[in-house]
Amino acid sequence: MGNTLRAVIAFIPSDGCQKYLLGNLEEMPVDRMVDLSGRQLRRFPLHVCSFRELVKLYLSDNNLHQLPPELEQLQNLQILALDFNNFKALPPVVCTLRQLCILYLGNNRLCDLPQELSLLQNLKTLWLESNCLHHLPEVVCELSLLKTLHAGSNALRTLPAQLCDLQELRTIWLSSNLLADFPPVLLHMPFLEVIDVDRNTIRSFPSLAHLPGLKLVIYDHNPCRNAPKVAKGVRRVGRWAEETPEPRKRSELGREEETDSKELPPPAEK
């Protein structure tokens, strides 16, 4: 069915039209997954809430702006995808789903997150990219098991100091924001493995060589005057990335070359 036809049918509230959009979804799927992505849905199908053992629910790429309180019945849900919708605020019922491990909220119109998000203590992956965030909500810093945070394509200028409390965080994506300086809090997070600050306005980078867990740093498309120094074996993506991890001054290299030439034995006579 074409998206245009779906969009027209979505405006018709009759049960027949809604069933046409949902397809054959009468019983709980064997794989405990429901994928309703790209169906042009404007309201959540309530009968899905009867699938109490549901583990994965994908609602991406629809026209949803709210969710019913009945969604709370899905207490076994571990993955919830709400990206590419019209949410201006996170529906409160999402914060009642205590088993959630992965939550996709990207490409909505969120300006903040509710304090109740801290109830999701099993959350390990949070996607917030392409929203309207001017600051990273401090409640994110209370998600103690969080491993991956994607907050790219917002309007972030700083990060909260409390972010370093996330001892399990390994990957942070901050591309396409408004960072004028490298976030100081990241310098106190030795457990980070991937840092992405691509497409910001950072002019100077501090040394990252003291971060023992770091494996990859992406800093391309910044008006920077230097590359971030990193430890041996750490991959860099950006200007001067082809240089050695710890670039040395020309004077130091010159002195080493002079020393080496002095130590070389004289050429053998022919």
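See the structure shown above.
This structure is a prediction, so every number in the text was calculated from the model and none was measured.

**Digging into the overall build of the chain**
Phase 1 of the analysis: A tally of helices and strands in the chain yields 3 helices and 10 strands.
Phase 2 of the analysis: Of the regular secondary structure in the chain, the N- to C-terminal order runs α-α-β-β-β-β-β-β-β-β-β-β-α.
Phase 3 of the analysis: A burial count over the chain gives 44% of its 270 residues as buried.
Phase 4 of the analysis: When contacts within the chain are restricted to residue pairs at least 6 apart in sequence, those whose partners lie at least 24 apart make up 23%.

**Concerning the sheet that holds strand β3 (residues 79-81)**
Phase 1 of the analysis: Strands sit in the order β1-β2-β3-β4-β5-β6-β7-β8-β9-β10 across an open sheet of 10 strands; the sheet is parallel. Strands at the two margins of the open sheet, each flanked by one partner only, are β1 (33-35) and β10 (235-237). Here the strands of the sheet are splayed against their neighbours by 5° on average, with no regard to which way each runs.
Phase 2 of the analysis: Sheet analysis places strand β5 (residues 125-127) next to strand β6 (residues 148-150), joined by 3 bridges and oriented parallel. In the sheet register, Leu126 faces β6, and the bridge partner there is Leu149.

**Focus on the environment of Ser204**
Phase 1 of the analysis: Summarising the element assignment, Ser204 is placed in the loop between β8 (194-196) and β9 (216-218).
Phase 2 of the analysis: On the basis of relative accessibility, which here comes to 39%, the residue Ser204 falls in the partly exposed class.
Phase 3 of the analysis: For the pair formed by Ser204 and Ala180, sequence separation is 24 residues and the distance between their alpha carbons is 9.0 Å.
Phase 4 of the analysis: Those residues in contact with Ser204 that sit more than four places away from it in its chain are Arg225 and Asn226.

**Focus on the packing of aromatic side chains**
Phase 1 of the analysis: Under the definition given, this model contains 3 aromatic pairs.
Phase 2 of the analysis: Relative to Trp127, the ring of Tyr104 lies with its centre 5.8 Å away and its plane at 45°, an arrangement referred to as tilted. Linking Tyr104 in strand β4 (residues 102-104) with Trp127 in strand β5, this pair joins segments that are 23 residues apart in sequence.
Phase 3 of the analysis: When its relative accessible area of 24% is taken as the criterion, Tyr104 is described as partly exposed.

**Digging into the nonpolar core**
Phase 1 of the analysis: Core analysis: the largest hydrophobic core is formed by 70 residues, its most contacted members being Leu57, Leu163 and Leu186.
Phase 2 of the analysis: Residue contacts for Leu163: discarding those within four places in its chain leaves Leu136, Cys141, Leu149, Ile172, Val185, Leu186 and Met189.

**Some words on the pattern of salt bridges**
Phase 1 of the analysis: Under the defined criterion, the tally for this structure stands at 3 salt bridges.
Phase 2 of the analysis: Notably, a salt bridge pairs Lys147 with Glu168, separated by 3.5 Å at the nearest N-O pair. Taken together, the residues Lys147 in the loop between β5 and β6 and Glu168 in the loop between β6 and β7 (171-173) connect sequence positions 21 residues apart.
Phase 3 of the analysis: Here Lys215 ties to Glu193 by a salt bridge, and the two come within 3.9 Å at their closest N and O atoms. Of this pair, Lys215 sits in the loop between β8 and β9 while Glu193 sits in the loop between β7 and β8; the two residues are 22 residues apart in sequence, bridging distant segments of the chain.
Phase 4 of the analysis: For Lys215, a relative accessible area of 53% translates into the label exposed.

**Some remarks on the side chain of Asp83**
Phase 1 of the analysis: With respect to the helices and strands, Asp83 occurs in the loop between β3 and β4.
Phase 2 of the analysis: No salt bridge is formed by the buried Asp83; the nearest opposite charge belongs to Arg39, separated by 13 Å.
Phase 3 of the analysis: Setting aside residues no more than four positions away along its own chain, Asp83 makes contact with Leu59, Ser60, Asp61, Tyr104, Leu105, Gly106 and Asn108.

**Description of unusual backbone geometry**
What you tend to see is this: most non-glycine residues have negative phi, and most peptide bonds are trans.
Phase 1 of the analysis: Positioned with a positive phi, Asp61 is a non-glycine residue whose angle comes to about 60°.
Phase 2 of the analysis: Residue Asp61 is classed as partly exposed on the basis of its relative accessible area of 44%.
Phase 3 of the analysis: The backbone phi angle of Phe84 is positive, close to 60°, even though this residue is not glycine.
Phase 4 of the analysis: You can see Phe84 is positioned in the loop between β3 and β4.

**Thoughts on the side chain of Asn222**
Phase 1 of the analysis: Its location among the elements puts Asn222 in the loop between β9 and β10.
Phase 2 of the analysis: By relative accessible area, Asn222 is classed as buried at 6%.
Phase 3 of the analysis: Within the structure, the side chain of Asn222 is placed 3.0 Å from the backbone oxygen of Val197, a separation counted as a polar contact.
Phase 4 of the analysis: Within the structure, the side chain of Asn222 is placed 3.0 Å from the backbone nitrogen of Ile202, a separation counted as a polar contact.
Phase 5 of the analysis: Residue contacts for Asn222: discarding those within four places in its chain leaves Val197, Asp198, Arg199, Asn200, Thr201, Ile202 and Phe205.

**Brief notes about the environment of Asp35**
Phase 1 of the analysis: Looking at the element boundaries, Asp35 is found in strand β1.
Phase 2 of the analysis: Sequence separation of Asp35 and Ala81 is 46 residues, and the distance between their C-alpha atoms is 9.3 Å.
Phase 3 of the analysis: Side-chain polar atoms of Asp35 contact the side chain of Ser37, separated by 2.8 Å.

Basis of the calculations
Per chain, the residues get numbers from 1 upward, laid out in the order the sequence is written. Where local features are concerned, this predicted model is filtered to residues with pLDDT of at least 70; where side-chain atom pairs are given and counted, the filter is 80 or more; whole-chain, interface and lining totals use all residues. As a rule here, side-chain values cover all heavy atoms of the structure and leave hydrogens and water aside. Labels follow the DSSP assignment, with helices taken as runs of H or I lasting at least four residues and strands as runs of E lasting at least two, numbered in each case from the N terminus. Exposure categories follow from relative accessible area, calculated using a 1.4 Å probe and restricted to protein chains: below 20% of the type maximum is buried, above 50% is exposed, and the middle band is partly exposed. The contact criterion used is simple: two residues touch if any of their non-hydrogen atoms lie within 4.5 Å. Any two strands with at least two DSSP bridges between them are considered paired. Structural elements are reduced to axes, namely lines fitted to C-alpha atoms, with helices fitted over the stretch in contact, and the angle between N-to-C directions of any two is expressed from 0 to 180 degrees. Aromatic pairs are defined between Phe, Tyr and Trp rings, using the six-membered ring for Trp, whenever the two ring centres lie within 6.5 Å; interplanar angles under 30 degrees are classed as stacked, those over 60 as edge-to-face, and all others as tilted. By nonpolar core is meant a set of buried Ala, Val, Leu, Ile, Met, Phe, Trp, Tyr and Cys residues that side-chain atoms within 4.5 Å join together. Definition used for salt bridges: Asp or Glu carboxyl oxygen within 4 Å of a side-chain nitrogen of Lys or Arg. Only four residue types enter the charge count: Lys and Arg as positive, Asp and Glu as negative, with His and the chain ends excluded. Two N or O atoms count as a polar contact when they lie within 3.5 Å, although within protein this holds only if one can serve as hydrogen donor and the other as acceptor, and sequence-adjacent residues are included solely when both atoms are side-chain atoms.

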